[in-house]
Amino acid sequence: MPNPSENLRRRKDLSPFLFHFTKGNDAEAIIRTIVQESKLKSDAGYICFTERPLIMCDELMSYFKKYPNPMYKPYGIGLRRDTLYKMGARPVIYGTPDEGKMLPDVFKWRFLQMDVDSYDYSWLREWRFPGNELDFSKFNSDDVIIVTPTKEEEELAFTPDYDVDFVYESEDKQVHPYLTMTGATRAWRSINFDRVRKD
């Protein structure tokens, strides 16, 4: 029998990727570190993602721009949802504090308190990956997508290629090696929010 969710995956409100966005004044530096190390890290015991499609994430980023210290910045990484699910990622369980207490300890990492009158973050459509580190270095390149605000910043998805060259310095009469960038190899797929809005 075919997978009944196959047709649903073509919906505009669903995405084949879960997205993790950075925050703070050094959001761009953080995403650069994530890409260089091919790892997501967290001290919380889980790593957060949103299942919102990118067009909906763009709306969210536009909303966050209104605030001096936004919850998230438009630098992120998308990892294929089905791959993360097979590794243990799950949707957040929203509920009251009393409902959270009823959960077995093994599920508490998935729980997020919700109060429709005062504390409702269900619009984030959050998923969590259990653990303090997620190494995506062995992921298929089609299962990773780097998200940036503009096309110019998409160079994050490339790994520079270098060659060693030598130059003779007449002052000290020695030959010195130096690195020359010869190009760049695309390590991951990439997209920017300017293109998301245009498309």
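Structure: see above.
All of these numbers come straight from a predicted model, not from anything done at the bench. (Residues numbered from 1 in each chain as written. Predicted model: local features only at pLDDT ≥ 70, side-chain atom pairs only at ≥ 80, totals over all residues. Heavy atoms only, no water.)

Undergrad: Account for the overall build of the protein, naming residues and giving values.
TA: Assigned secondary structure in the protein consists of 5 helices and 13 strands. In the protein, which comprises 199 residues, the proportion classed as buried is 35%. Sequence-distant contacts in the protein: of pairs separated by 6 or more residues, those separated by 24 or more amount to 73%. Accessible area for the protein stands at about 12600 Å²; split by element, carbon and sulfur atoms hold 52% of it. (Helix = DSSP H or I, 4+ residues; strand = E, 2+ residues; numbered from the N terminus. Buried < 20%, exposed > 50% of the residue type's maximum accessible area, 1.4 Å probe, protein only. Contact = heavy atoms within 4.5 Å. Areas by Shrake-Rupley, 256 points an atom, 1.4 Å probe, with all protein chains shown as cover.)

Undergrad: Outline the side chain of Ser42, listing residues and values.
TA: Along the chain, Ser42 turns up in the loop between strand S2 (39–41) and strand S3 (46–50). The buried category is assigned to Ser42, whose relative accessible area is 18%. One polar contact links the side chain of Ser42 to the main-chain amide nitrogen of Ala44, over a distance of 3.0 Å. Looking at Ser42, its side chain comes within polar contact range of the main-chain oxygen of Tyr46, at 2.9 Å. Contact partners of Ser42, with chain neighbours within four places excluded, come to Ile47 and Asn132. (Polar contact = N/O pair within 3.5 Å; in protein donor to acceptor, adjacent residues only side chain to side chain.)

Undergrad: Lay out the pattern of salt bridges in plain terms, naming residues and giving numbers.
TA: When the charged atoms of two side chains lie near each other, side chains of opposite charge can form a pair. Counted according to the given criterion, the structure contains 9 salt bridges. The closest approach of N and O atoms between Glu51 and Arg125, which form a salt bridge, is 3.5 Å. Linking Glu51 in the loop between S3 and helix H2 (54–64) with Arg125 in the loop between strand S7 (111–113) and strand S8 (126–130), this pair joins segments that are 74 residues apart in sequence. Its relative accessible area of 23% is what places Glu51 among the partly exposed residues. Arg197 is the partner of Asp194 in a salt bridge, and the nearest nitrogen-oxygen pair spans 2.5 Å. Note that Asp194 and Arg197 are positioned in helix H5 (residues 193–198) at a spacing of 3 residues, about one turn of the helix. Classification of Arg197 as partly exposed rests on a relative accessible area of 43%. Among the charged side chains, a network of salt bridges with common partners joins Asp58, Asp194 and Arg197. (Salt bridge = Lys/Arg side-chain N within 4 Å of Asp/Glu carboxyl O.)

Undergrad: Quick one: what's the story with the pairing of S8, residue by residue and with numbers?
TA: Counting buried residues along S8, 4 of its 5 residues qualify, which places the element largely inside the surrounding structure. Examined bridge by bridge, S3 and S8 share 5 bridges and lie antiparallel to one another. Counted as the bridge partner of Thr50 is Glu126 from S8. Of the pairings in the sheet, the one linking strand S5 (residues 90–91) to S8 comprises 2 bridges and is antiparallel in character. Bridge assignment links Arg90 to a residue of S8, and that residue is Arg128. (Pairing = 2+ DSSP bridges.)

Undergrad: Describe H2, with residues and values.
TA: Residues of H2 that are buried: Leu54, Cys57, Asp58, Leu60, Met61 and Phe64. Seen along its axis, H2 keeps its buried residues to an arc of 160°; they face one direction. Those residues of H2 hidden inside the fold are in contact with strand S1 (17–21), S3, strand S10 (144–148), strand S13 (189–192) and H5. (Arc of directions from axis to C-beta.)

Undergrad: Any details on unusual backbone geometry? Residues and values, ideally.
TA: Positive phi, normally seen in glycine, also occurs at Ser38, with a value near 55°. Its place among the elements puts Ser38 in the loop between helix H1 (27–37) and S2. Of the residues examined, Ser38 reaches a relative accessible area of 11% and is grouped as buried. Phi is positive for Arg125, which is not a glycine, with a value near 50°.

Undergrad: Got a sec to walk through H1? Specific residues and values, please.
TA: Residues Ala27, Ile31, Ile34 and Val35 constitute the buried set of H1. Projection of H1 onto a plane perpendicular to its axis shows the buried side chains occupying an angular sector of 95°, all on one side. Residues of H1 that are buried make contact with S2, strand S4 (76–80) and S10. At the C-terminal side of H1, Ser38 shows a positive phi close to 55°.

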